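Tertiary structure, described
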Amino acid sequence: MLSEQSAATVRATLPAVGAALGTITERFYAGLFEAHPELLRDLFNRGNQASGTQRQALAGSVAAFATHLLDRPGQRPDAMLARIAHKHGSLGVTQEQYRIVHEHLFAAIAEVLGDAVTPEVAAAWDEVYWLMANALVAVEQRLREERGGPAWRAWEVVERVTETADVATFRLRPADGGPVRDFLAGQYVSVRVALADGARQIRQYSLSGAPGPDLRQISVKRMREGGAPDGEVSNHLHARVRVGDVLELSEPYGDLVLDAGPDDTPLLLASAGIGVTPMTAMLAHLADSGHRAPVTVVHADRSPATHALRTDHEAYAAKLPDAAVHLWYEQDAPAGTHPGLADLTGVPLAPGTRAYLCGPLPFMRAVRTQLITKGVAPADIYYEVFGPDLWLAGQSA
Ligand SMILES: Cc1cc2nc3c(=O)[nH]c(=O)nc-3n(C[C@H](O)[C@H](O)[C@H](O)COP(=O)(O)OP(=O)(O)OC[C@H]3O[C@@H](n4cnc5c(N)ncnc54)[C@H](O)[C@@H]3O)c2cc1C
Ligand code: HEM
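Residues numbered from 1 in each chain as written. Chains lettered and ligands numbered in written order. Predicted model: local features only at pLDDT ≥ 70, side-chain atom pairs only at ≥ 80, totals over all residues.

Once that is clear, we can look at the overall build of the chain. On a plain count of helices and strands, the chain comes out with 12 helices and 12 strands. Here the chain has a C-alpha radius of gyration of 22 Å; the compact-globule value for 397 residues is 21 Å, and the two agree. For the chain, the spread of C-alpha atoms along the principal axes amounts to about 65 × 50 × 45 Å. Per-residue burial for the chain yields a buried fraction of 37% across its 397 residues. Contacts in the chain between residues at least 24 apart in sequence constitute 75% of all its contacts with a sequence separation of at least 6. (Helix = DSSP H or I, 4+ residues; strand = E, 2+ residues; numbered from the N terminus. Rg over C-alpha atoms; globule rule 2.2 N^0.38 Å. Buried ≥ 20, exposed ≤ 12 C-beta atoms within 10 Å, placed from the backbone. Contact = placed C-beta atoms within 7 Å.)

What follows is the structure in structure tokens.
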């Protein structure tokens, strides 16, 4: 909890810090990467840095944490901390690196806010930073211990499947022949690859099914958007990685995991595009565990030809005693599916439905609004974002 004198100072300076967040973030990363180029090369996503999008996640979450401490001093924002700690855990962030980030974040704040940063103001924000950092370090330590073993492990590609023109599935087995630990449906791994210029870049990929006890499976969409550079890691995986090659993977992390409830709660699994990956793992788990309550599966895609994992998706749903599948395609919708964007207005939902969402933000916003209109409790709606979670830091409605 924040001390009383710091709380007053943080409250008074929060509007100024919030208003300057964009500039603070810019200066922070410039200083951090000038002093530590290896962090940009081998740890941070340099595509996100180059495009300038989603850079505010780190500093923005410190401001969101401060707001939380002021508004609800008795509570810790556990959901926010867990999301960040899982991401950090999968990236192998270390305790020492928190000092480096602190140094450059506070240098940026002092530079941008100038004389407004009196010793008192600096001390108050210092307290906020270390409350958050120490809470994160503790959770990250626990997550690492639960997983045991090294942060990175070599996995050999034993199968590569073309799902669609832009999506490939990679099945992997530990190169050391050792055991594969269980994961929870909905979790992801970080994948670290060495690129042509010597950089090692890391991205997260959801485990996309239940391929067997000795294997892990990821399904990767290559990012090719007209006008912007091709995505580095997804295109590297598509262009270069074949059966017999070795990839470095973290253990599974991620706090958006399926909780089907001891009472067999009715579930909704809604995805769009490549957001299908964690939903397929969830369906596989439900099919394996003999889930009996109603399961409503919703998926939206550009066309049937771009719908990755469709066969698995439908086969797992078919194994469930009470599942309904609703599909939307913007183009070429065949009979039995719907044309256009997902619209849940006419989809019946059992009372007490728990919903899991994964897809682009506009899709998740639209589905969330429709679910709330249909009476689903906001607390029963969970979502995964395939990028820094700006919803979480309160930066995107
Ligand atoms: C929890 C989680 C789970 C995920 N699960 C999956 C999954 O199951 N399957 C999957 O395919 N993906 C998944 N992702 C997304 C994945 O991690 C990557 O973000 C994705 O593969 C793109 O990475 P990339 O290296 O190819 O693109 P990046 O190189 O990271 O590029 C990302 C974007 O930035 C743009 N960009 C890059 N450089 C510049 C520049 N200089 N100027 C302007 N724009 C630029 C690119 O055009 C691209 O649109 C997941 C993400 C998370 C966080
Ligand atoms: C109190 C300190 C910190 C806070 C509040 C913080 C906050 C965040 C947040 C909010 C995200 C986005 C999470 C998501 O939604 O997926 C993130 C991601 C990340 N963080 Fe931290 N972080 C802190 C410290 C660090 C440290 C010490 C490092 C290592 C030097 C680090 C490296 C990263 C990286 C590499 C990412 C992934 C984003 C990317 O690759 O561009 N963070 N952090």
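The structure having been displayed, the exposition proceeds.
This next bit is on the sheet that holds strand S5 (residues 216-221). The six strands lie next to each other as S4-S3-S6-S1-S2-S5, forming an open sheet whose pairing is antiparallel. The two strands at the open ends of the sheet, each matched to only one other strand, are strand S4 (200-206) and S5. Neighbouring strand axes in the sheet, compared pairwise and without regard to direction, differ in orientation by 40° on average. The pairing of strand S3 (residues 188-194) with S4 spans seven bridges and is classified as antiparallel. Residue Val 191 lies in a different strand from S4, and its bridge partner there is Arg 203. (Pairing = 2+ DSSP bridges. Axes fitted to C-alpha atoms, helices over the stretch in contact; angles between N-to-C directions.)

Our focus in this paragraph is the sheet that holds strand S9 (residues 323-329). Strand order in the open sheet made by the six strands is S10-S9-S8-S7-S11-S12, with parallel pairing throughout. Among the strands making up the open sheet, the edge pair consists of strand S10 (338-339) and strand S12 (381-384). As judged from the seven bridges shared by strand S8 (residues 295-301) and S9, these two strands associate in the parallel manner. Residue pairing across strands places Asp 301 opposite Tyr 329, the latter belonging to S9. Along the sheet, helix H10 (residues 276-289) makes contact with strand S7 (267-272), S8, strand S11 (354-358) and S12, crossing S7 at roughly 150°.

The next point concerns the site of ligand 1. Contacts to ligand 1 come from 28 residues, most closely from Gly 47, Ala 50, Ala 228, Gly 231 and Ser 234. Listed by contribution, the elements that provide at least two residues to the shell around ligand 1 are helix H4 (46-51), S4, S5 and helix H9 (232-240). Tallied by class, the residues present in the shell around ligand 1 amount to 10 nonpolar, 13 polar and five charged. (Near = placed C-beta within 6 Å. Nonpolar A, V, L, I, M, F, W, Y, C, P; charged D, E, K, R; others polar.)

This brings us to the domain arrangement of the chain. When its domains are assigned, the chain resolves into domain 1 (4-147), domain 2 (153-249) and domain 3 (267-396). Between domain 1 and domain 3, the C-alpha centre-to-centre distance is 33 Å. (Domains from an automatic or database assignment.)

With that settled, consider the environment of Ser 61. Tracing the backbone shows Ser 61 in helix H5 (residues 57-71). When the 24 C-beta atoms within 10 Å are taken as the criterion, Ser 61 is described as buried. C-alpha of Ser 61 to C-alpha of Ile 84: the two residues are 23 residues apart in sequence and 9.3 Å apart in space.

Counting buried residues in S4 gives five out of seven residues, a clear majority hidden from the surface. Here S3 folds back onto S4 in antiparallel fashion, the turn holding five residues, of which Gly 198 has a positive phi close to 95°.

Counting buried positions along S7 yields six of six residues, so the element is predominantly enclosed. On S7, burial covers both faces: Leu 267, Leu 269 and Ser 271 on one face and Leu 268, Ala 270 and Ala 272 on the other are all buried. Bridging between S7 and S8 involves six bridges; their strand directions are parallel. What sits directly across from Leu 268, in S8, is Thr 296. Each parallel crossover has a hand, and for S7 linked through H10 to S8 it is right-handed. (Right-handed = clockwise from strand over helix to strand, strands pointing away.)

Turning to the environment of Arg 160, a few remarks are in order. Relative to the helices and strands, Arg 160 is located in strand S1 (residues 153-162). You can call Arg 160 partly exposed: it has 17 C-beta atoms within 10 Å. With residues up to four places along the chain from it excluded, the contact list for Arg 160 reads Ala 168, Phe 170, Arg 242 and Val 243.

So, on to the nonpolar core. Counting 50 residues, the largest nonpolar core has Leu 269, Met 282 and Leu 283 as the members making the most contacts within it. Sort the elements by how many residues they give to this core and H10 lands first, with seven residues. Counting contributing residues per domain, this core is built from domain 2 (153-249) and domain 3 (267-396), each supplying no fewer than three. Among residues more than four places away in sequence, those in contact with Leu 283 are Leu 269, Val 297, His 313, Tyr 316 and Ala 317. By size, the runner-up hydrophobic cluster in this structure holds 25 residues, among which are Val 17, Tyr 29, Ala 85 and Met 132. (Core = buried A, V, L, I, M, F, W, Y, C linked by C-beta atoms within 7 Å.)

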